[in-house]
Amino acid sequence: MEELLQGIGVAALVILALVGLATGWLASKLAGGRNMALYMIVGALAAMATPFVLAALGVTLLAAGGLLMVVIVALIGAALVLAMVRAIAK
């Protein structure tokens, strides 16, 4: 997991946060514009956490895939978490 953190770097974490913020913004628009700040915060946290959770589970594909693979996985992870938040909030 430390290798993933060293491989990603600070700039990539900022990119992941921006991907999560954008995903949260889009999710709030799809939900009718409600709770935009909540969706954006949850999206950013989920996008930054997803690569680390997968690395902890032993998924080594991320290390070989580079930054683009990490961003794609973060986008999918943020979208899934936001869908769960939306389902719980109903």
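Fair warning: this is a prediction, and the values are worked out from it, not measured in the lab. (Residues numbered from 1 in each chain as written. Predicted model: local features only at pLDDT ≥ 70, side-chain atom pairs only at ≥ 80, totals over all residues. Heavy atoms only, no water.)

A.B. asks: If you had to explain helix α2 (residues 36–56) to someone new, which residues and values would you point to?
C.D. replies: Across its 21 residues, α2 extends 30 Å between first and last C-alpha, which sits within 8% of the 30 Å expected from 1.5 Å per residue. At Ala49, α2 shows its strongest bend, of approximately 35°, with the proline Pro51 following within four residues. Taken from the residues just after α2, Gly58 is the one with a positive phi, measuring 95°. (Helix = DSSP H or I, 4+ residues; strand = E, 2+ residues; numbered from the N terminus. Expected span 1.5 Å × (residues − 1). Bend = angle between axes of the 7 residues up to and from the residue.)

A.B. asks: Quick one: what's the story with the nonpolar core, residue by residue and with numbers?
C.D. replies: Counting eight residues, the largest nonpolar core consists of Leu16, Val19, Ala46, Ala47, Val70, Val71, Ala74 and Ala78. Listed by contribution, the elements that provide at least two residues to this core are α1 (2–30), α2 and α3 (61–89). A per-element tally of this core places α3 first, with four residues. Excluding anything up to four places from it in sequence, Ala78 contacts Thr23, Gly43, Ala46, Ala47 and Thr50. Counting five residues, the second largest nonpolar core, distinct from the first, contains Ala27, Ala31, Tyr39 and Val42. (Core = buried A, V, L, I, M, F, W, Y, C linked by side-chain atoms within 4.5 Å. Buried < 20%, exposed > 50% of the residue type's maximum accessible area, 1.4 Å probe, protein only. Contact = heavy atoms within 4.5 Å.)

Function cannot be inferred from these measures alone, as they are strictly geometric.
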